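Structural characterization, general
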Amino acid sequence: MNDNTAVISEIKRLLGDRQRLAYVRSFGCQLNVSDGEKIKGLLRKMGFGFTDDESEADLIMLNTCAVRENAEDRVFGIVGSMKKLKEQRPELMIGIAGCMTAQSHIAEKIKKSYPQVDFVLGTSAINGLPKLLLECLRGARFSADIAEYDDFSATAEQVRESTFKASVPIMFGCNNFCTYCIVPYVRGRERSRRPEDIISEVEGLVRDGYKEIMLLGQNVNSYGNDLGGEMSFPKLLRRLNEIEGDFWIRFMSSHPKDASAGLIDAIFDCEKVAKHLHLPVQSGSDDVLRRMNRRYTAEKYFGIVDEIRRRDPDFSLTTDIIVGFPDETNEDFEATLDIMERVRYDNIYSFIYSKRTGTKAAEMPDGVPEEEKGQRMRRLLALQRDISTEHYKRFIGKRMRVLADDVSKKREGFLAGKSSEFIIVEFEGDSSLIGQFVEVEVTGAMNWAVTGEIVK
Ligand code: SAH
Ligand code: SF4
Ligand code: F3S
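Values in this document were obtained by computation on a predicted structure and should not be read as measured data.

**Some points on the environment of T336**
The residue T336 is located in helix α12 (residues 330-343) in this model. Excluding its chain neighbours within four sequence positions, the residues that come into contact with T336 are S283, G284, S285, I321 and L380.

Structure, rendered in structure tokens:
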């Protein structure tokens, strides 16, 4: 653990009495958002307040994602537009954190072409932030810290975005090397947090009134593999389920190759675990799955789905799908549509394949024109809209437990929340209910949500 106390007091001295403001923006997955909360935690210790307006910020930090090219392009666009801000206010500090920084060609590009950037902070080096800021305040033009500190030491410092929903990373990194994916390169190998740390963090959150605990990892099903067999993910779920209080537990993501009978048993045995599983399938074609290095077949995937549906036919499933993997044939794509019809997901998150430098798939020939990929994507989205509308009807007349999230953006006097099944529910209600559980009877279904009335 690196102790920042001395560095932080020196920063406070240099910054003086005026309240300094930081603009921190996270892109990408919830793990990255959680890192952003840790960055904010450290900044708060240094005396910073926070703003959503870049033009009044003394420090701008972009916590970036590298999973697809458009995510990177967006960040480069934003950094480009900050050149003006920096010219107007040379004392403004700009830092780039997150997954993009772990690719050496990107770090080089930032250094060379974006002189407005003062420093780069690596994904495992969040605790190095005070040191970088200090160098920057002392006049260093460009500094970088991509050292390997431990990931966990900043946990206690989080500034959480929500007062009722909390993300809790249970592991970092990924060992799977799916051939399209950059994550194992930018996040390193799997490291599981110690169960006692996770348990005490969740206990504290529940004491503070948090209603939703989202356990995070790139593949939570391999949680504990590096802890010498003392803990597994199903065991962890059972242990967290014993914590007293009115809250529910969600988790993300589950790799189908490691979704065991023990996991399914734990989901059904634990009353606090939400009745929803996000199980990314990526493709319905065995050939594509093999070339993606996913290590399961469509049949093996159905086996898991069948077992879940045997126990609860209404159980909610969501997935991730990649359209247009290198040389994906029409038959491969049809197999993906088949799997969607057969599983009947409540929701899907679909992406057009994006080539990532350094991955295996980037070396594969790809004869599929972009236009064809776009057409496939539109077909897939249209099919899912029909499935959702039809499938959501199974809830009409039934009751759902809903965590009220916010006021509805579409209808005056309505609230929006997510049910245990991870389905958006809209219902009439007072904003004082936000952050509370309510019982809703479902009266209607749309293609993106259900509507209902509060019964309790
Ligand atoms: N660890 C999680 C996924 C993290 S990335 C899991 O395995 O489920 C989230 C999603 O982004 C992936 O499931 C995949 O569908 C998509 N994705 C990852 N790399 C991609 C790429 N190069 N192009 C397009 N989509 C990609
Ligand atoms: Fe990427 Fe595959 Fe790891 Fe998920 S499991 S983060 S898709 S390599
Ligand atoms: Fe993106 Fe990094 Fe997450 S690449 S999806 S922010 S782990």
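Once you've had a look at it, read on.
**Brief notes about the sheet that holds strand β11 (residues 248-252)**
Pairing within the open sheet is parallel, and its three strands lie in the order β7-β10-β11. Every other strand in the sheet has two partners, leaving β7 (165-169) and β11 as the edge strands with one partner each. Pairs of neighbouring strands in the sheet enclose a mean axial angle of 25 degrees, with direction left out of account. Inspection of the sheet shows strand β10 (residues 212-216) paired to β11 by five bridges, in the parallel sense. Within β11, the position partnered with E212 by the bridge is W248. Its contacts with the sheet put helix α2 (residues 30-45) on β7, β10 and β11, and the angle it makes with β7 is roughly 100 degrees.

**Describing the domain arrangement of the protein chain**
Domain annotation for the protein chain reports domain 1 (3-151), domain 2 (162-274), domain 3 (276-394) and domain 4 (396-454). Taking only C-alpha atoms into account, the centre of domain 1 sits 28 Å from that of domain 2. Listed per partner, the contact involves 15 residues of domain 1 and 14 residues of domain 2. For the pair domain 1 and domain 2, the summed buried area comes to about 1,200 Å², and 56% of that belongs to carbon and sulfur atoms. The interface formed by domain 1 and domain 2 includes one salt bridge. Between R187 and D35 there is a salt bridge; the shortest N-O distance is 2.9 Å.

**Observations regarding the site of ligand 3**
In the region of ligand 3, the neighbouring residues are C29, N32, C65, A66, V67, C99, R187 and Q218. More than half of the atoms belonging to ligand 3 lie within 2 Å of the grid points that define the largest pocket. Taken together, the residues of the shell around ligand 3 break down into five nonpolar, two polar and one charged.

**Notes on empty space enclosed by the protein**
Evaluation of the coordinates by the stated rule reveals six cavities of 30 Å³ or more. When its volume is computed, the second largest cavity comes out at roughly 50 Å³. If you trace the second largest cavity, you find it lined by C29, L31, N32, D35, F172, G173, R187 and Q218. The biggest single contributor to the lining of the second largest cavity is α2, with three residues. Domain assignment of the residues forming the lining of the second largest cavity places at least three in each of domain 1 (3-151) and domain 2 (162-274).

**Thoughts on the packing of aromatic side chains**
Scanning the model with the defined rule gives eight aromatic pairs in all. Between F76 and Y114 the ring centres are 5.2 Å apart and the planes differ by 25 degrees, which places this aromatic pair in the stacked class. With F76 in helix α3 (residues 69-88) and Y114 in the loop between α4 (104-113) and β5 (119-121), this residue pair connects regions lying 38 residues apart in the sequence. On the numbers, 5.5 Å between centres and 45 degrees between planes, the contact of F268 with F315 is tilted. On the criterion of sequence distance, the pair formed by F268 in helix α9 (residues 261-269) and F315 in the loop between α11 (298-311) and β13 (316-323) is long-range, its members being 47 residues apart. Residue F268 is classed as partly exposed on the basis of its relative accessible area, which comes to 23%. An aromatic cluster of at least three residues, connected via ring pairs, comprises Y180, F325 and Y353.

**Details of the pairing of strand β1 (residues 20-26)**
A regular strand places its side chains on the two faces of the sheet in alternate fashion. Judged by how many residues are buried, β1 sits mostly within the fold: five of seven residues are covered. Strand direction decides the pairing type here: β1 and strand β2 (residues 48-50), joined by three bridges, are parallel. Among the inter-strand pairings, L21 is bridged to a residue of β2, identified as G49. A crossover connection joins β1 to the parallel β2 through α2; in handedness this β-α-β unit is right-handed. Sheet topology places β1 next to strand β3 (residues 59-64); five bridges connect them, and they run parallel. Across the sheet, S26 pairs through a bridge with N63, a residue of β3.

Definitions and cut-offs
Residues numbered from 1 in each chain as written. Chains lettered and ligands numbered in written order. Predicted model: local features only at pLDDT ≥ 70, side-chain atom pairs only at ≥ 80, totals over all residues. Heavy atoms only, no water. Helix = DSSP H or I, 4+ residues; strand = E, 2+ residues; numbered from the N terminus. Contact = heavy atoms within 4.5 Å. Pairing = 2+ DSSP bridges. Axes fitted to C-alpha atoms, helices over the stretch in contact; angles between N-to-C directions. Domains from an automatic or database assignment. Buried area = accessible area lost by both parts, 1.4 Å probe. Salt bridge = Lys/Arg side-chain N within 4 Å of Asp/Glu carboxyl O. Near = heavy atom within 4 Å. 1 Å grid on protein atoms, 1.4 Å probe; cavity = no way out; pocket = protein on both sides within 12 Å on 5 of 7 lines; lining within 4 Å. Sits in = over half its atoms within 2 Å of the grid points. Nonpolar A, V, L, I, M, F, W, Y, C, P; charged D, E, K, R; others polar. Points joined across faces, edges and corners; volume = space filled by probe spheres on them. Phe/Tyr/Trp six-rings, centres within 6.5 Å; stacked < 30°, edge-to-face > 60°. Buried < 20%, exposed > 50% of the residue type's maximum accessible area, 1.4 Å probe, protein only. Right-handed = clockwise from strand over helix to strand, strands pointing away.

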